[in-house]
Amino acid sequence: PERSPEGTGSGAGSGRVEDTELLGASRIQSSWQAVSLGSDDPDLIRPGDRIFLRAHTGCYIDVAEEMALARWDDTGDWQQLVIEKSPLVVEDTDPSLFHPGDLMFLKAHTGRYLDAQDEGSPVQARWQDLGVWQGLELAKKDSDPLRVGDIVFLKSHTGMYIDVHNHQVQARWADEGDWQALTISRS
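Now for a description of the structure that goes with this document. As the structure is a computational prediction, the values presented were derived from the model and not from experiment.

### Observations regarding the side chain of Asp150
- Position of Asp150 relative to the elements: it lies in the loop between strand 10 (136-139) and strand 11 (151-155).
- Separated by 2.8 Å, the side chains of Asp150 and Lys140 make a polar contact.
- Apart from residues lying up to four places away in sequence, Asp150 is in contact with Lys140, Pro145, Leu182, Thr183 and Ile184.

Written out as structure tokens, the structure is:
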């Protein structure tokens, strides 16, 4: 069967995906010392939060079987995504928050992560891996930590941003335009 690429080599953004066999467990931990940045702010998005991504169409990204689509203005189980950071990604930012340039992973209700295989290919959720294809670089207009209500742009490993057109979710262009703008909310 077809498999996701292994989590080796360079990832997108400020993080890189490393091979644990080469590094050993002690080196996986971030050397960045976490700073308490508004730790009481209830709107901050943290790893493990259940989120929703609303496209410019008014519909939320959902996953049906393996396909990512944007079909309904609904925040149900199919639209819920768990936002994560991988312990195999070495970043220079606070590991308890998301900042522009950080690598994030979005787990669907199926237990599989969103991925973009090639430039122009549809976004899918096919594997439980946290590899290069599943890593999405966070972009937004300011440098503040990610919070509820932010408009975000998600760049795939191909350099193309996730976009929504009609009900299709793809990664086709290197633009941060209306079709690529996603508003984040939390359950």
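From this point, things continue past the structure.
### Regarding the packing of aromatic side chains
- Under the definition given, this model contains four aromatic pairs.
- Ring centres of Phe52 and Tyr60 lie 6.3 Å apart, and the angle between their planes is 80°; this geometry places the pair in the edge-to-face category.
- For Phe52, a relative accessible area of 5% corresponds to the buried category.
- Judged by its relative accessible area of 10%, Tyr60 falls in the buried class.
- Ring centres 6.3 Å apart and planes at 50° place the aromatic pair Trp72 and Trp78 in the tilted group.
- Judged by relative accessible area, which is 40%, Trp78 ranks as partly exposed.
- The side chain of Lys85 reaches across the aromatic face of Phe98, ending 5.4 Å from its centre.

### As for the pairing of strand 7 (residues 103-107)
- Within strand 7, four of the five residues are buried, leaving the element largely enclosed by the surrounding structure.
- Sheet topology places strand 5 (residues 81-84) next to strand 7; three bridges connect them, and they run antiparallel. Each residue of the ladder has a partner; that of Val82, found in strand 7, is Lys107.
- Of the strand pairs in this sheet, strand 7 and strand 10 are connected by two bridges, and their pairing is antiparallel. In the sheet register, Met104 faces strand 10, and the bridge partner there is Leu136.

Analysis parameters
Residues numbered from 1 in each chain as written. Predicted model: local features only at pLDDT ≥ 70, side-chain atom pairs only at ≥ 80, totals over all residues. Heavy atoms only, no water. Helix = DSSP H or I, 4+ residues; strand = E, 2+ residues; numbered from the N terminus. Polar contact = N/O pair within 3.5 Å; in protein donor to acceptor, adjacent residues only side chain to side chain. Contact = heavy atoms within 4.5 Å. Phe/Tyr/Trp six-rings, centres within 6.5 Å; stacked < 30°, edge-to-face > 60°. Buried < 20%, exposed > 50% of the residue type's maximum accessible area, 1.4 Å probe, protein only. Lys NZ or Arg CZ within 6 Å of the ring centre and 35° of its normal. Pairing = 2+ DSSP bridges.

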